[in-house]
Amino acid sequence: MSVRRTEGGYFDDMDGRVKVTIRCNQCGEKFILRGRRDKGKVDTGFKQCICSNTDDFEIEELFG
């Protein structure tokens, strides 16, 4: 599987995915997920943290 560097992060050539870190701003839990870029956003399917937080997150694309 080949990986190519793009302006928005690292994409997997096979399925167009990018890695992101999601950190909950309420409890501090950290999740590392792969998602698909869609209309300038990354969709991971992530819905809520284990603390039941559904909307207070810091989302960052992983580079490198």
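Further up the page is the structure itself.
Read on for an overview of the structure. None of these values were measured; they are calculated from a predicted model.

1. Examining the pairing of strand 4 (residues 30–38)
Looking along a regular strand, one sees side chains alternate from face to face of the sheet.
Item 1. Of the strand pairs in this sheet, strand 3 (residues 17–24) and strand 4 are connected by seven bridges, and their pairing is antiparallel. Across the sheet, the residue bridging to Val 18 is Gly 35, located in strand 4.
Item 2. The turn linking strand 3 back onto strand 4 is made up of five residues, and Gly 28 within it adopts a positive phi angle of 85°.
Item 3. Where strand 4 meets strand 5 (residues 41–43), three bridges bridge the pair, whose relative direction is antiparallel. In the strand pairing of strand 5, Arg 37 is matched with Val 42.
Item 4. Once strand 4 ends, the chain turns through two residues before running back antiparallel as strand 5, passing Lys 39 with a positive phi of about 55°.

Cut-offs and rules
Per chain, residues are indexed from 1 in the order of the written sequence. Side-chain atom pairs in this predicted model are given and counted only at pLDDT of 80 or more, local residue features only at pLDDT of at least 70, and totals for whole chains, interfaces and linings cover all residues. Note that the side-chain values use all heavy atoms of the structure and ignore hydrogens as well as water. Strand pairing follows a simple DSSP-based rule, namely that at least 2 bridges must link the two strands. Helical segments are the DSSP runs of H or I of at least four residues, strand segments are the runs of E of at least two, and each set is numbered from the N terminus.

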